[in-house]
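Each chain is listed here by its residues.
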Amino acid sequence: MVKTPFIFVLFLLIQITSAGQSNTPIESQLSKWSEKDPIQKLYLQTDRDTYLAGDTVWFKGYFMSLFEPSYDNTTVFVELTGIDEGVIVTNVFPVYLSVAAGQLEIPDTLKTGNYLLRAYSPLMMNQPLFTFRKILQIVGKDERTLSQKPSVLTVTFFPESGNFIAGLENTIAFKAHDSEGQPADFHGIIRNSKGDNITNIQSVHDGMGTFKLTPEAEEIYFVEVNGTRYVLPIVEKEGTKLEVVNSNGGKRFRIVSTATRDELKPALILGQMQGKTVFRKKLENDGSEFKGSVNTGSLYSGILHLTVFNENNLPLAERITFVDNKEYIVEGNLTDEHFTFEKKGKNQFSIILPDSIEGSFSISVTDTHYNEQQDYAGNIWSWFLLGSDLRGNIYRPYYYFDPDNPKAAEHLELVMMTNGWTRFKWKDLSEENYLPLKYKDPGYITLSGSITSAGKKRAFADKDIILFMAKDSTRFGKNPILLTTDAEGRFTIDSLIFFEKAYFLFSDVKGNKSQSIKARFSKDDIFGGPYPVLTQSWPQNIKASEAPGWDPLRDTGLTGKNVLREVIVKGKYRSTLEKLDDDYASGMFKGNFFNRILDIRNENSSGDIFQYLRERIPGLRVAGGPGSYRLNYRGGNLRYYLDGEPPDDPTGDVEDNSNVTVFLDEMPSNNTMIESIPLGRIAMVKLIPFSPMVAGGGTALAIYLKKGKDLEWNNIDNGASTAEYYGYTIIKEFYEPDYSIDRSANVRDNRTTLQWIADYQVKASNPRIPVSFYNSDRTQKFRIVAEGVTTEGRLLHFEKIISK
C-alpha cells in the first residue's frame with residue numbers, strides 16, 4: 001500500500017467538502033500557526049518495560065511530523081525521572097535522518113517503584129506538555145516509601161463537546177479512578193438538589209462510561225459514593241452542543257443550539273488534524289439544528305478535532321474523535337524459524353515485510369517471564385496516533401489497536417470524550433496571538449564563546465583563530481578549523497558531532513608571533529539547555545513490588561567464575577620511535593624503511609615547526625620564512641635512487657624546486673596551515689621519501705598532532721588557550737554473547753534482554769530483518785517485538801511470544 005502525501009490528501013478533501021467556500025480567517029490563522037510551529041512527535045522503543053536497578057535501558061527513537069518521518073530534529077534528550085527524586089539521569093544523543101539510538105544506565109541505588117522515561121527535542125519544548133513519556137517499572141533492593149493514604153475514588157464528568165445545556169438531551173461521559181490513578185469500576189445514581197433519583201450510571205470499560213441527561217436550568221446534579229459527592233458541571237441556560245457518532249466510512253455530527261444571542265449562535269464547523277484543516281462547513285445563521293457527515297475514508301488515521309465557531313471565529317463547542325483507517329499498518333511475518341529452549345542455545349528467524357518497503361527498524365527479544373507488559377505500556381501505533389496528542393496517561397493504550405478487539409472503536413471514543421486536546425487555544429489563534437518560538441533546533445552541537453587577550457583582558461576582536469580538537473568531529477575530522485571573532489571577540493561554530501568530553505585548543509594564526517589569548521565557552525556542555533522544567537505525574541503504585549522470579553539482591557548479566565589459562569606472549573623490543581610510529585601512523589604512512597622520524601613531544605623551542613626542522617633532518621632544506629616557506633629533499637624521489645644522481649640544482653636555490661608534500665594527521669595540508677600550529681601541539685614529524693601518498697613517488701612530510709596521554713593541556717605555549725566541552729552521550733554497543741565458541745558451565749547467564757538491534761535498515765529489494773540470539777540459562781519463553789517507520793511514514797509493530 002502506497003501512502004498518499006498528507007498535503008495532497010488535505011487539498012482533495014477541502015476541495016470536496018468546501019466547494020464554493022473561501023478560506024475563513026480561523027483557517028488562515030491555523031495554517032500560520034502550523035507552519036510556524038509544526039507538531040513534532042517522538043516515540044522511543046525500549047528493549048523492555050521492567051528493569052532492575054543497575055540495568056541499562058536500550059532504546060531507539062523515531063521522529064515524525066504530519067504523519068511522515070521528520071528530519072527537522074538533530075538532538076534528543078532522554079531523561080529518567082522519579083516522583084521524589086526529580087530528574088535522575090539525562091543523556092543527549094544525535095539524531096540522524098529522523099532516528100536516534102542510545103542507552104540509559106539506571107542507578108543501582110533506586111528503590112522499587114514506577115519511574116518515568118521522558119524524551120524530547122528542543123523543537124518539542126515549544127509545546128512542552130507533549131513530550132514522549134513512558135512508565136518504567138524498576139525493581140530495587142528496597143521498597144520505595146510512599147505516603148500511605150487510604151484509597152479514594154475520584155469521578156469526573158465530561159459533557160460531550162464541553163457544554164451541559166438546559167432543555168437539551170446531553171451525552172455525559174465519565175471516568176472513575178482510584179487514588180493511584182488506576183481505573184475503577186463504578187456505578188451510581190445521579191440525583192438532583194432535591195434528592196430525586198434521575199438515572200443510574202455504570203462504567204463499561206476501564207472506569208469509563210456515558211449516560212444521557214436532560215437538565216433543568218439552575219439545577220444541580222451529583223452522584224454520591226461512600227459519603228463523597230461528585231457534582232456534574234454547571235447547567236448552562238443556553239448554548240450549543242456537538243454530537244459525533246461513528247458511521248460507515250466516516251463520522252456523523254449533529255449540532256443543536258438554543259442560543260438567542262448572536263455570539264452564541266453557530267456559524268461554522270471545522271475539522272483539523274495535526275494543525276491542518278481537513279473539513280469545513282458553513283452553517284445557516286438562522287438555524288437551530290444542523291446535521292452532516294465527515295467522510296474520513298481518505299484521511300490519515302489519528303485524532304480528528306471538530307470545532308463549532310460563531311461568526312467571530314470563537315469556539316462554541318468541540319469534540320475530538322478517532323479515525324482508524326489502518327493505512328499506517330505494516331504487516332510483518334516470521335519465517336526461517338529455528339527456536340530452541342536449550343540453555344545457551346542459538347535461535348534464529350527472519351521478519352518478512354511487504355515488498356517495496358524501505359525504512360528503519362529496531363528489534364528486541366526479551367525473556368517474557370522477567371518482562372511482563374505493564375498497564376501503561378503502549379507501542380508505536382498507540383503512541384504516534386493516540387498518546388502523543390493527549391496530555392494524560394492512558395491505561396492499556398495497546399488495547400485500542402488490537403485488530404482482534406471488536407470493541408476497540410467503541411471504547412476508544414470513551415477515551416476521546418474523557419481526555420483533553422490542548423496543543424493551542426483557539427482564542428489565541430483568532431487574535432493572531434502567536435508566541436514567538438523560544439526554542440530552535442541547534443543543528444547538532446553549536447559551540448559559542450568569547451576570546452580575550454590574556455594579559456589585557458580585552459576582547460580579541462576581528463581576529464583569525466585556528467582551532468584544534470582532541471577528538472574526531474564530523475565537521476572537520478582531524479583537521480583544524482579556521483574561525484574569525486566578531487567585534488566583541490565572540491565566535492560560533494556549528495554542526496559539530498562529538499561524544500563525551502572533548503578538548504579544544506585555540507591559537508592565534510600568527511605562529512611564533514601569536515598573542516597570548518584566553519578562550520571561554522558560553523557553557524561547558526550540551527546537557528544544560530535552557531529548557532523549562534517539565535512537571536508531569538504518573539501512577540506510583542507497583543502491583544507486584546517484585547515481579548515473579550526477580551532476585552531483589554540482583555544478579556543480572558553474565559556472572560560467575562572465569563578461569564583463565566596461562567598464556568605466554570612472546571615479542572621483540574620496540575624502540576621509542578617505533579612505539580611512537582605505531583601510536584600515530586597508520587596505513588601507507590606506517591613503517592617505511594627509508595623514513596626519518598622526529599619525536600618532539602617534549603620540545604620547548606620557540607618558533608614554528610619549519611624553523612625547528614632546519615638542519616635537523618639530513619637532506620631536507622627549508623628556505624624562506626613565515627608565509628613563504630619552501631621545502632626540498634635531496635633524493636626525495638625514485639629517480640634519484642634509480643639513476644644514482646641527484647636532481648639538477650646548480651644554484652642551490654629551492655624556490656622553484658620544492659618537492660615535499662605536507663600532511664597534517666595524514667590529510668593533505670599546506671605550509672601556511674602547518675606553520676600556524678604551535679610547536680607544543682605537535683607530537684611527531686615523519687619524513688617519508690618516495691611516498692606512495694605523493695604522485696610520482698615524491699617525498700611526504702607528515703605532521704602529527706598530540707593526542708591522548710601526550711596532550712598536556714596546561715602546558716601549551718605560543719599564546720594558545722584550551723577549553724573543554726562535554727558533547728553527546730557516547731552510544732554504546734549492546735553486548736551479546738557468542739556461545740558457538742564456549743558454553744562454559746562456570747558462567748551463569750541471567751540476561752533478560754536476549755537481543756537488541758537498534759538500527760536495521762530495510763531496502764525494497766530485500767524486505768527482510770534477520771535475527772539471531774542465544775538463550776540465557778533460564779529462558780523458557782521470549783517476546784519478540786519489532787517496530788519502525790518506513791520512508792512513507794507507515795508504522796511497523798510486530799509482536800509475538802514464543803514458548804515451549
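Residues numbered from 1 in each chain as written. Predicted model: local features only at pLDDT ≥ 70, side-chain atom pairs only at ≥ 80, totals over all residues. Heavy atoms only, no water.

## Looking at a nonpolar patch on the surface
Using the following cut-off: Only residues whose relative accessible area exceeds 30% and that take part in no salt bridge are eligible for patches, with like-charged residues grouped when within 9 Å of each other and nonpolar side chains (Val, Leu, Ile, Met, Phe, Trp, Tyr) grouped when within 5 Å. Residue-level accessible areas treat just the shown protein chains as cover; the underlying method is Shrake-Rupley with a 1.4 Å probe. Think of a salt bridge as a Lys or Arg side-chain nitrogen and an Asp or Glu carboxyl oxygen that are within 4 Å of each other. Only DSSP runs of H or I with at least four residues qualify as helices, and only runs of E with at least two residues qualify as strands; both kinds are numbered from the N terminus onward. Remark: exposure states derive from per-residue accessible area (1.4 Å probe, protein chains only) relative to the maximum for the residue type, with buried under 20%, exposed over 50%, and partly exposed in between.
Together, Y71, Y96 and L97 make up an exposed nonpolar region whose accessible area comes to about 370 Å². Its location among the elements puts Y96 in the loop between β6 (86–94) and β7 (99–105). With a relative accessible area of 38%, Y96 lands in the partly exposed category.

## Observations concerning the pairing of strand β26 (residues 346–352)
Rules: Here a strand pair is declared whenever DSSP counts at least two bridges between the two strands.
Alignment of strand β25 (residues 333–338) against β26, held across four bridges, turns out to be antiparallel. Each residue of the ladder has a partner; that of H338, found in β26, is Q348. Examined bridge by bridge, β26 and strand β45 (residues 768–774) share seven bridges and lie antiparallel to one another. Each bridged residue has a counterpart across the sheet, and for I351 the counterpart in β45 is I769.

## As for the confidence of the model for the chain
In plain terms, the rule: On a range of 0 to 100, pLDDT expresses the predictor's confidence in each residue. Every residue pair with non-hydrogen atoms within 4.5 Å of one another is taken to be in contact.
Taken over all residues, the pLDDT of the chain has a mean of 82, while the share at 70 or more is 81%. Here strand β34 (residues 558–560) is the element of the chain with the lowest mean pLDDT, 33, and strand β3 (residues 56–65) is the one with the highest, 97. When the criterion is pLDDT under 50, residues 472–477 qualifies, and its contacts beyond four places in sequence or with other chains add up to 14 contacts. Taken as a whole, residues 636–655 scores under 50 in pLDDT and shows 29 contacts with residues more than four places along the chain or in a different chain.

## Let's talk about helix α2 (residues 25–36)
For clarity, the cut-off: By definition here, a helix of n residues has an expected span of 1.5 Å times n minus one. It is the directions from the helix axis to the C-beta atoms whose arc is reported.
With 12 residues, α2 should cover 16 Å at 1.5 Å per step; its first-to-last C-alpha distance of 17 Å lies within 8% of that length. Among all positions of α2, only I26, E27, Q29, L30, W33 and S34 are buried. The buried residues of α2 occupy an angular sector of 165° when projected down its axis, which confines them to one face.

## Some points on the packing of aromatic side chains
Put simply, the test is: In this scheme Phe, Tyr and Trp rings, the latter by its six-membered ring, pair at centre separations within 6.5 Å, and the angle between planes marks the pair as stacked below 30 degrees, edge-to-face above 60, and tilted otherwise.
By the definition in use, this model includes 33 aromatic pairs. Residues Y43 and F384 carry aromatic rings whose centres are separated by 6.0 Å and whose planes lie at 55° to one another, so their mutual orientation is tilted. With Y43 in strand β1 (residues 41–46) and F384 in helix α3 (residues 380–385), this pair connects stretches of sequence that are 341 residues apart. The exposure class assigned to F384 is buried, which follows from its relative accessible area of 4%. Plain terms: the ring middles of Y739 and Y774 are 5.6 Å apart, the flat faces sit at 85° to each other, and that makes the pair edge-to-face.

## Some remarks on the side chain of E219
Heads up, the condition is: Nitrogen and oxygen atoms within 3.5 Å of one another constitute a polar contact, given that in protein one can donate a hydrogen and the other can accept it, and given that sequence-neighbouring residues count only through two side-chain atoms.
Along the chain, E219 turns up in the loop between β14 (208–213) and β15 (221–225). Within polar-contact distance, the side chain of E219 engages the side chain of S193 at 2.4 Å. Contact partners of E219, with chain neighbours within four places excluded, come to N192, S193, K194 and V235.

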